[in-house]
Amino acid sequence: MSQSQDHLFGVYNRAPVDVERGEGVRLFDRSGRAYLDFVQGIATNGLGHAAPVLVEALTKQAQKLWHVSNIYRIPDQETLAEQLCASSFADQVFFTNSGTEAVECALKLARKYHAARGDDQRIDIISFAGAFHGRSYAAVTAGGYEPYLTGFGPRLPGFVNVSLDDPDAIRAAAEAPTAAAILVEPVQGEGGARALTDTELKRLRELADANGLLLIFDEIQCGMGRTGKLWAYEYSGVEPDVMCIAKALGGGFPIGACLATRDAAAGMVFGSHGTTFGGNPLAMAVGLAAFGAISAPELLDNVQTVSGYLRQQLEGLKQTWPDMIDEVRGRGLLVGIKLKVNNRDMMAAARDQGLLIAGGSDNCVRMLPPLNLTQDEAREALDLLEKAFAATRAAAQAPKNAPKESV
Ligand SMILES: *Cc1c(COP(=O)(O)O)cnc(C)c1O
């Protein structure tokens, strides 16, 4: 087999792990080496690798029906939509294949909402520094992250990116006659596991209400049980008008969804939007199985308990390793660790010890283990992380001009 990445776009900085198979929290490479996987496809495999309940749903469905597009009724789509609505603020759902497409749908919905009410001047999507919403033109414009925008031509009109720490700018953007919606992650993922405070979220809800804007939550990473509640917004009591989900919704199968109140979705009438693959029978069979398992109270309880343990232990490590850990952040099993040493180096050092962790902005690493993680597995990860700290400290203390090999 070819070992070259020569025929792939060079857009990724892939870690040198030749993945072959996975089982629960563990990932195995082609040489049989086992890793403790605290990335899980970036918070996507909520039930770990090859969860039997998902394998069964997928293989059963694979023998019945794969795809018909959305020209016929798909019963599982109706069932999953009903379950998502019953468990959230929402009344209606549009299924997509990815998080980005769910965001795209939400942004189109927001503008259409105002246009349908006779106000097509309202197009501005207000979003925040440190956000990540995906990689389409609209999503990178909303994300506002410079490196993802340069070289791709003019930015799309109708996007305002402000700092969460600048209430005056947020207010001014919301009060503009062109404002349409506020888009925010209740817990920023890629931005370094920053959880917004309840007060910040309440403030956004008030601004949206006072100015007739839609409030859109991007729970693509922080939703689906990741924080220990099914939806991250439940902690604050603040409900959105629209919510984007994906990642763990399919437990590793590509699915996304845009959820909305009936009122917010009022403009999304026949012909206004569509997708070939979104919500196809394979995706819906797996989605139903994943949602059933992840919305179970025992699983959400497990996230609370195990994340409580993991966080308490990490706070302890912050005392023992003050030269490594700056701050422990995030919520539930969306764990961010802001480091004092380079985060990319730490990811490599952890990998050398057999622990896979994700990166994040603001010099963070993230731990995004499966939601059914056990305390023993959490302990194992902490031990490997300490070994990585020890190796990093030793390397930093080694005399700079010493010969590499002293034999
Ligand atoms: C991953 C992610 C997206 C993009 O989802 P894709 O499936 O990669 O398109 C959007 N928003 C957030 C918060 C994410 O974590």
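A brief structural summary. (Residues numbered from 1 in each chain as written. Predicted model: local features only at pLDDT ≥ 70, side-chain atom pairs only at ≥ 80, totals over all residues. Heavy atoms only, no water.)

### Digging into the site of the ligand
Then comes step 1: As a structural note, the neighbourhood of the ligand is formed by S98, G99, T100, F132, H133, G134, E185, D218, I220, Q221 and K247.
Then comes step 2: F132 has a polar backbone atom sitting 3.1 Å from a nitrogen atom of the ligand.
Then comes step 3: Residue K247 places a side-chain N or O atom 2.6 Å away from an oxygen atom belonging to the ligand.
Then comes step 4: When the ligand sits alone it has 380 Å² of accessible area, and the protein chains cover 83% of it. (Near = heavy atom within 4 Å. Polar contact = N/O pair within 3.5 Å; in protein donor to acceptor, adjacent residues only side chain to side chain. Areas by Shrake-Rupley, 256 points an atom, 1.4 Å probe, with all protein chains shown as cover.)

### What about the sheet that holds strand β2 (residues 26-29)?
Then comes step 1: Reading across from one edge, β1-β2-β3-β15 is the order of the four strands in this open sheet, with mixed pairing throughout. Looking at strand neighbours, the two that pair on one side only are β1 (19-23) and β15 (355-356), the edges of this open sheet.
Then comes step 2: In this structure, β1 lies alongside β2, joined through four bridges in antiparallel fashion. Note on β2: the bridge partner recorded for R21 is F28.
Then comes step 3: Along the sheet, helix α12 (residues 375-397) contacts β2, β3 (34-37) and β15; its crossing angle with β3, the most-contacted strand, is approximately 105°. (Pairing = 2+ DSSP bridges. Helix = DSSP H or I, 4+ residues; strand = E, 2+ residues; numbered from the N terminus. Contact = heavy atoms within 4.5 Å. Axes fitted to C-alpha atoms, helices over the stretch in contact; angles between N-to-C directions.)

### Here we look at the packing of aromatic side chains
Then comes step 1: On inspection of all chains with the given rule, the structure shows five aromatic pairs.
Then comes step 2: Centroid distance F132 to Y148: 6.2 Å. Interplanar angle 80°. Geometry classified as edge-to-face. Within this pair, whereas F132 is found in the loop between β5 (124-128) and α5 (137-143), its partner Y148 is found in helix α6 (residues 146-149), the two being separated by 16 residues in sequence.
Then comes step 3: The exposure class assigned to F132 is partly exposed, which follows from its relative accessible area of 22%.
Then comes step 4: Accessibility expressed as a relative area gives 28% for Y148, which makes it partly exposed.
Then comes step 5: Here Y145 and Y148 contribute two aromatic rings whose centre-to-centre distance is 4.7 Å and whose plane-to-plane angle is 85°, an arrangement assigned as edge-to-face.
Then comes step 6: For the cation-ring pair, R135 lies above Y148, with the distance from its terminal atom to the ring centre recorded as 3.6 Å. (Phe/Tyr/Trp six-rings, centres within 6.5 Å; stacked < 30°, edge-to-face > 60°. Buried < 20%, exposed > 50% of the residue type's maximum accessible area, 1.4 Å probe, protein only. Lys NZ or Arg CZ within 6 Å of the ring centre and 35° of its normal.)

### Points about the packing of helix α7 (residues 167-175) against helix α8 (residues 198-211)
Then comes step 1: In the contact formed by α7 and α8, the axes pass within 9 Å of each other and the chain directions differ by 25°. Taken as axis vectors, α7 and α8 run roughly parallel relative to one another. In the packing of α7 onto α8, the handedness of the crossing is right-handed. Counting all contacts with α7, which are made through I170, R171, A174 and E175, the residues of α8 involved are R203, L204, L207 and N211.
Then comes step 2: The residue inventory of the contact of α7 with α8, partitioned by class, reads four nonpolar, one polar and three charged. (Parallel < 35°, antiparallel > 145°, perpendicular 65-115°, else oblique. Left-handed = near helix turned anticlockwise from the far one by under 90°. Nonpolar A, V, L, I, M, F, W, Y, C, P; charged D, E, K, R; others polar.)

### Section: helix α10 (residues 297-320)
A turn of α-helix holds 3.6 residues, and therefore any two residues three or four places apart point the same way.
Then comes step 1: Counted at 1.5 Å a residue, the expected span for α10 with its 24 residues is 34 Å, and the 35 Å between its end C-alpha atoms agrees.
Then comes step 2: All of the buried residues along α10 are L299, L300, V303, V306, S307, Y309, L310, R311, L314 and L317. (Expected span 1.5 Å × (residues − 1).)

### A short note on the pairing of strand β10 (residues 214-218)
Then comes step 1: Where burial is concerned, most of β10 is hidden: five out of the five residues are buried.
Then comes step 2: Residues L214, I216 and D218 of β10 are buried on one face, and the alternating residues L215 and F217, pointing to the opposite face, are buried as well.
Then comes step 3: Two strands pair when backbone bridges link them, and strand β7 (residues 179-184) and β10 are joined in this way by four bridges, in the parallel orientation. The residue of β10 that forms the bridge with V184 is F217.
Then comes step 4: Relative to strand β11 (residues 242-245), β10 runs parallel, the two being bridged by three bridges. Across the sheet, residue I216 finds its bridge partner in β11, namely V242.

### Side note on the pattern of salt bridges
A pair can form between side chains of opposite charge whenever their charged atoms are brought close.
Then comes step 1: What the rule picks out here adds up to 18 salt bridges.
Then comes step 2: Where E146 meets R155, a salt bridge forms, and the shortest distance between an N and an O atom there is 3.0 Å.
Then comes step 3: Ionic pairing is found between R329 and D362, a salt bridge with its closest N-O pair at 2.8 Å. Taken together, the positions of R329 in strand β13 (residues 325-331) and D362 in the loop between β16 (358-360) and β17 (364-367) put the pair 33 residues apart, joining distant regions of the chain. (Salt bridge = Lys/Arg side-chain N within 4 Å of Asp/Glu carboxyl O.)

### Some thoughts on the side chain of H133
Then comes step 1: Mapped onto the secondary structure, H133 falls in the loop between β5 and α5.
Then comes step 2: H133 sits in the buried class, given a relative accessible area of 2%.
Then comes step 3: Here D218 takes part through its side chain, which lies 2.8 Å from a polar atom of the side chain of H133.
Then comes step 4: Not counting residues within four places of it along the chain, the set of residues in contact with H133 comprises T100, V103, S127, A139, A142, G143, L183, E185 and D218.

### A short note on helix α9 (residues 281-294)
Then comes step 1: Look at α9: 20 Å from first C-alpha to last across 14 residues, which is about the 20 Å you get at 1.5 Å a residue.
Then comes step 2: Across the 14 residues of α9, twelve count as buried, placing the element largely inside the fold.
Then comes step 3: The opening residue of α9 is N280, an N-cap whose side-chain oxygen sits 3.1 Å from the backbone nitrogen of L282.

### Focus: the sheet that holds β11
Then comes step 1: Spatially, the seven strands line up as an open sheet ordered β4-β12-β11-β10-β7-β5-β6, and their pairing is mixed. Only two strands of the sheet have a single partner each, and these edge strands are β4 (92-96) and β6 (159-162). Pairs of neighbouring strands in the sheet enclose a mean axial angle of 20°, with direction left out of account.
Then comes step 2: With four bridges joining them, β5 and β6 adopt parallel strand pairing. The residue of β6 that forms the bridge with F128 is V162.
Then comes step 3: Each of β4, β5, β6, β7, β10, β11 and β12 (256-260) is contacted by helix α4 (residues 99-116), which is oriented at about 180° to β10, the strand it contacts most.
Then comes step 4: Of the strands in this sheet, β5, β7 and β10 are in contact with α8, which crosses β7 at around 165°.

So, to be careful, I would describe these as geometric facts and stop short of saying anything about function.
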